[in-house]
Amino acid sequence: MTKIIGVRFRAAGKIYFFDPKNFDINVGDHVIVETARGIEYGAVVIGPREVEDSKVVQPLKDVIRVSTCEDDEVEANNKIKEKEAFKICLEKIKKHGLEMKLIDAEYTFDNNKVLFYFTADGRIDFRELVKDLAAVFKTRIELRQIGVRDETKILGGIGICGRPLCCHTHLSEFAPVSIKMAKEQNLSLNPTKISGVCGRLMCCLKNEEETYEELNSRLPNVGDYVTTDDNLKGEVQSVNVLRQLVKVIVSLNDEKEIREYKVSQLRFKPKRKKEKIDLSDAELRELEMLEKNEGKSKLDDN
């Protein structure tokens, strides 16, 4: 077992483990630690605890110190400097005529490096831009190209549910999302309905996937033939997944009638067949593009 604390460096960012040594550290404290990018200022989100060795990437780096009032002031000043750095970088990008969209600027705590995050449709030759920025800031410059999901994670926003975006508030890492999840939940396969602010499939499709898979496994498919507990046979017209109710078209005295039954009142072969998705070629291509989401964030690389 290894004693660790969990530290996060940005809102809803990935959590990294560090050795707390003999410091008295609690959740909510800020600490100064050494990372691959340099000395960083982070927030403690997991208090001191022991975890299995297999969950820790060795060598585990130590906490340098619990942040002091002076450290908090340095971090606050860095945030002010980041805004100015962002403006300067925008001017330089315009000067060089580069087809790139600047998303964020970030200083390491020790000011040893300035990172600029941007999006672009293809590869960008920013060597001259880096030279210009290095001449202005007199420190190491790193330009990092990120994806549209990472852009949304940084900038935030409001989803179609009316709540702040999951990726900006609590989702540490992006989970793979597929069209199958939307189909399993009986959602419209209209790309505009199931894509998020970033233009990719909504991350929240993953949240209830296991529940819907379990509930759907107990239900017949639309079009299946079932036998009811009152010895009637009929074709399934529709299903209510959450309520576990099934509407069945049955024949009574040579007339067809729709009746609703609980799934426990039906007998059928619990065989899940693959349903055909009837969409136009254009819609299928758009859905395929949405499904090619980025499963890993490019933001956190400590």
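Residues numbered from 1 in each chain as written. Predicted model: local features only at pLDDT ≥ 70, side-chain atom pairs only at ≥ 80, totals over all residues. Heavy atoms only, no water.

A. Expanded view of the environment of N216. Tracing the backbone shows N216 in helix α7 (residues 209-217). Separated by 24 residues in the primary sequence, N216 and N240 have C-alpha atoms spaced 9.5 Å apart. (Helix = DSSP H or I, 4+ residues; strand = E, 2+ residues; numbered from the N terminus.)

B. Geometry of the packing of aromatic side chains. This structure, assessed with the given rule, holds five aromatic pairs. Seen in terms of ring centroids, F116 and F137 are 6.0 Å apart; in terms of plane orientation they differ by 45 degrees. Their pairing is tilted. Note that F116 is positioned in strand β7 (residues 113-119) and F137 in helix α2 (residues 127-137), a separation of 21 residues in sequence. Across the pair, exposure class does not vary: F116 and F137 are buried alike. Ring centres of F118 and F126 lie 5.8 Å apart, and the angle between their planes is 80 degrees; this geometry places the pair in the edge-to-face category. With a relative accessible area of 1%, F118 lands in the buried category. Judged by relative accessible area, F126 falls into the partly exposed class, the value being 23%. An aromatic cluster is built from F9, Y16 and F18, whose rings are joined through pairwise contacts. A cation over an aromatic ring shows up here: K81 above the ring of Y107, its NZ or CZ 4.7 Å from the ring centre. (Phe/Tyr/Trp six-rings, centres within 6.5 Å; stacked < 30°, edge-to-face > 60°. Buried < 20%, exposed > 50% of the residue type's maximum accessible area, 1.4 Å probe, protein only. Lys NZ or Arg CZ within 6 Å of the ring centre and 35° of its normal.)

C. Structural detail: the sheet that holds strand β9 (residues 225-228). Strand order in this open sheet of five strands is β12-β11-β10-β9-β13, and the pairing throughout is antiparallel. This sheet does not close on itself; its edge strands, each paired only once, are β12 (255-262) and β13 (266-267). When β9 meets β13, the two strands line up antiparallel, connected through two bridges. Within β13, the residue paired with T227 across the bridge is R267. (Pairing = 2+ DSSP bridges.)

D. Representation of unusual backbone geometry in the model. Cis geometry marks the peptide bond from Q58 to P59; its omega dihedral reads 0 degrees. Here the phi dihedral of A12 falls at roughly 60 degrees; this positive angle occurs in a residue that is not glycine. Within the element layout of this structure, A12 appears in the loop between β1 (2-8) and β2 (15-18). Not every positive phi belongs to a glycine, and D254 is a case in point at roughly 65 degrees. Mapped onto the elements, D254 comes out in the loop between β11 (245-252) and β12.

E. Structural context of the side chain of T2. Assignment of secondary structure puts T2 in strand β1. Using a relative accessible area of 14% as the deciding quantity, one classes T2 as buried. At 2.5 Å, the side chain of T2 forms a polar contact with the side chain of D53. What T2 contacts, discounting residues up to four positions off in sequence, is R49, E50, V51, D53, V56, Q58 and L60. (Polar contact = N/O pair within 3.5 Å; in protein donor to acceptor, adjacent residues only side chain to side chain. Contact = heavy atoms within 4.5 Å.)

F. Structural detail: helix α1 (residues 69-96). For α1, which comprises 28 residues, the first-to-last C-alpha distance of 41 Å matches the rise-based estimate of 40 Å (1.5 Å per residue) to within 8%. Taken together, the buried positions of α1 are occupied by D71, E75, N78, E82, A85, I88, C89, K92 and I93. In this structure, the buried side of α1 is in contact with β3 (30-35), β4 (38-51), β5 (63-66), β6 (101-107), β7 and α2. Where α1 ends, the next residue or the one after it, G97, has phi of about 65 degrees, a positive value. (Expected span 1.5 Å × (residues − 1).)

G. View of α2. If you check which residues of α2 are buried, you get L129, D132, L133 and F137. Summarising the axial view, the buried residues of α2 lie within an arc of 120 degrees, below the 170-degree limit, and thus occupy one face. The outward face of α2, more than 90 degrees from its buried face, is lined by the exposed residues R127 and K131. Lining the buried residues of α2 we find α1, β6, β7 and β8 (140-145). Two residues or fewer after α2 comes K138, characterised by a positive phi angle close to 55 degrees. (Arc of directions from axis to C-beta.)

H. Looking closely at the nonpolar core. Grouped together as the largest cluster of nonpolar side chains are 18 residues, with contacts concentrated most on M100, F116, L133, F137 and L143. Contributing elements (two or more residues each) for this core: α1, β6, β7, α2 and β8. Considering every element that reaches this core, the biggest residue donor is α1, with four residues. For L133, the contacting residues outside a window of four places in its chain are C89, K92, F116, I141 and L143. (Core = buried A, V, L, I, M, F, W, Y, C linked by side-chain atoms within 4.5 Å.)

I. Seen up close, the layout of surface pockets. Counted as a void, the second largest pocket has a volume near 390 Å³. Around the second largest pocket, the lining comprises 20 residues; the ones closest to its centre are G159, L165, C166, C203 and C204. Elements with a minimum of two residues in the lining of the second largest pocket: α3 (148-155) and α4 (166-169). With three residues, α4 is the largest single contributor of residues to the lining of the second largest pocket. A class-by-class count of the residues in the lining of the second largest pocket yields 13 nonpolar, five polar and two charged. (1 Å grid on protein atoms, 1.4 Å probe; cavity = no way out; pocket = protein on both sides within 12 Å on 5 of 7 lines; lining within 4 Å. Points joined across faces, edges and corners; volume = space filled by probe spheres on them. Nonpolar A, V, L, I, M, F, W, Y, C, P; charged D, E, K, R; others polar.)

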